[in-house]
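The residues making up each chain are set out below.
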Amino acid sequence: MEELVVSLGTLALMGACATIAGAAEDLESDFGSQSNANSQVQLAPQVGYVHRIYNKAICGEPVGYGFLCASAAAIGFALQFAFAINIVLALAIGSTISAILYGIFATTAYMGRLTGQKRFGQPIYLDILLTTTPSIIAHAFIAAMAISTFSYLFSAIIGQPFPFPILAMLWGIMTGGMGSAVGDVHYGTERQYMNKPFGCGLAASNSGKIIQQGEAGIRNSIDVAGFCVKHGGPMTGIGLGLTVFLDLWRHIIFIEYLNGWGAMIAGFIIALIWLIGNRMLELWARNTYGPYKKAED
Amino acid sequence: MSEHKDMSWNTLAAIGMIGGLLAIYIAYFVNNAMDVAYGSFIGAIGAIFAIVWGADAVRQICKYGIGTGVPSIGMLAFGMGLLTTILGLKIGDYTGIVLAGPVLALVLSLIQGAIIGYIANGVLKMKIPTMQIGMIFIAGSASLILMAFSTVMAGTFEYGAFMTDIIGTGFIAPLFILGALPILHPFNACLGPDENQKRTLTLAVESGFIVTVIFGILSIALVGLAPAAITIVLGLIAWVFGYLSYWNRVKECGVVIKDTGLLPARED
């Protein structure tokens, strides 16, 4: 019984870490427009919409978060192993170093992407580089710290047999994938496309026509993140937190039944409930907020 | 454009293979002959050769408009390279000829790349002219990068050390993904109609050095503080030069660089 309580307590802590990581991840990707909007930010100067938005194309979010979290956890592991320092401190140092590494890659990506299309007249703004990069590093630090902490808990207390840098990489990839899919409210409510009708998708004729102006002055990445902090960030946090919590919860509680198959069946039922719920939500949103155009042949 | 002065990818492949293998072997001999780990950093030099080769191969494949596929190509390279590297090193270990390991690993990777390249072009009908050779090249460079950075971290490329020090500790995770980054990031970051080989490969070298610093930090746990410190300090110094020369390439390419300012007026 006591073991179960410890497991469930750890699980709650891991869920909390995942929630924080998810929220930080989404905002971090908004600072650099690494997510969905990246293709549009890249395309905008080509259709005449020069902008002051950061273009951080390090690689896809899943790979980016894989390397951020794996290096944070591995450095933490190495420092703890070599100097026997406290794991919390070791992970903090690891996360700091890997967040700075991530920031360095972000700057080279920003400069590279703009030089790669210099004929379209998009200038490199040094103030954008100098003010947005620290925000990217700060949010990357939060995400890396949370993911590596929770991978450590997963390995040390829940007893997952993999070494925890590998767990950190896998969960980093999952966080990136989730942030890429869930948090991006870009194509609907994100500010870049707010003046497009709901559900229009992004027609080719609208591609690259991002919004250049903000409430005061010219829109930049910090405004985009400031807008997404309201819905996109918490949404990704809830998404990742729920994934971690529900998945491990059903594992810990139901693993004892039916020779281990109990956990499988519980997982299947949870996935089914989610699938039906999502479909109902989607249909409701389409009918309520339309106009949704029928496909034309 | 820049086409006429580009280095051919065959030249880069030769430099990458010879330089990469040579550096790995020198690091191994220095470490074994003196029974120390101070030579580990030499492995990183081999990694840089292999990175330049791999980054150029990724560039040549992805120039055919695989826009969002650049990171995937890098991951694919390392998936191919990791399996054959382990196999090659294992054969070296099994037959007792440890020194044959890296060469075998490289050869097996090239063969694996050829098979997968054939599947991509011949069976899946992707019809990308550079795919066949490109696959061979990225698999080979990934294999060399894996062995070179494992030499940096563990001081050797022996199969036993690879399994316990790299895979057993979980350092394979950063090795896989951070190793892939210097070959996929340069073209992914620099792509566009005004991309040029010199700038992209400068970025590859810069990325290689910063990643070396991280592997240097990880090697503290495996080879001890002093050999790790050599890798970290040399890596940092080289990275500063790499970053500055990339910045110079950016400046000299003619893009407008402003401290701050409003948007330029539209000309139309």
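Going by the structure above, here's the rest.
Owing to the predicted nature of the structure, the values given are computational and were not obtained by experimental measurement.

Engineer: What is the right way to look at the overall build of chain B in this model?
Structural biologist: Secondary structure assignment for chain B yields nine helices and one strand. Written out in order from the N terminus, the α and β elements of chain B read α-α-α-α-α-α-α-α-α-β. For the C-alpha atoms alone, the extent of chain B along its principal axes is close to 70 × 45 × 30 Å. For chain B, the residues scored as buried account for 58% of the 268 residues in total.

Engineer: So what exactly am I meant to see when it comes to the overall build of chain A here?
Structural biologist: Counting its secondary structure elements, chain A contains nine helices and one strand. Beginning at the N terminus, the succession of helices and strands in chain A can be written as α-α-α-α-β-α-α-α-α-α. For 297 residues, the compact-globule estimate of 2.2 N^0.38 gives 19 Å, and the C-alpha radius of gyration of chain A, at 21 Å, lies within 12% of that figure. If one aligns the C-alpha atoms of chain A with their principal axes, the spans along those axes are about 65 × 50 × 30 Å. Taken across its 297 residues, chain A has 51% of its residues classed as buried. When contacts within chain A are restricted to residue pairs at least 6 apart in sequence, long-range pairs at least 24 apart make up 75% of them. Carbon and sulfur atoms make up 68% of the accessible area of chain A, which totals about 13,000 Å². Positive and negative side-chain charges of chain A, numbering 15 and 17 respectively, have mean locations separated by a distance of 14 Å.

Engineer: Can you help me understand the nonpolar core in this one?
Structural biologist: Within soluble globular proteins, side chains that are nonpolar tend to cluster in buried spots. Grouped together as the largest cluster of nonpolar side chains are 149 residues, with contacts concentrated most on F67 of chain A together with F78, I138, F149, L175 and F215 of chain B. A total of 16 residues in this core trace back to one element, the largest contributor, which is helix 5 (residues 131-154) of chain B. With residues near it in sequence (within four places) discarded, F78 of chain B still touches A142, I145, L146, L175, F176, G179, A180 and I183 of chain B.

Engineer: Looking at this structure, how should I read the environment of S72 of chain B?
Structural biologist: Residue and element names in this part refer to chain B. Within the fold, S72 resides in helix 3 (residues 70-95). Taking the relative accessible area as the measure of exposure, S72 reaches 45% and is therefore partly exposed. Between the C-alpha atoms of S72 and L184, which are 112 residues apart in sequence, the distance is 8.4 Å.

Conventions we followed
- Residues numbered from 1 in each chain as written.
- Chains lettered and ligands numbered in written order.
- Predicted model: local features only at pLDDT ≥ 70, side-chain atom pairs only at ≥ 80, totals over all residues.
- Heavy atoms only, no water.
- Helix = DSSP H or I, 4+ residues; strand = E, 2+ residues; numbered from the N terminus.
- Buried < 20%, exposed > 50% of the residue type's maximum accessible area, 1.4 Å probe, protein only.
- Rg over C-alpha atoms; globule rule 2.2 N^0.38 Å.
- Contact = heavy atoms within 4.5 Å.
- Areas by Shrake-Rupley, 256 points an atom, 1.4 Å probe, with all protein chains shown as cover.
- Lys, Arg positive; Asp, Glu negative; His and termini not counted.
- Charge placed at Lys NZ, Arg CZ, Asp CG, Glu CD.
- Core = buried A, V, L, I, M, F, W, Y, C linked by side-chain atoms within 4.5 Å.

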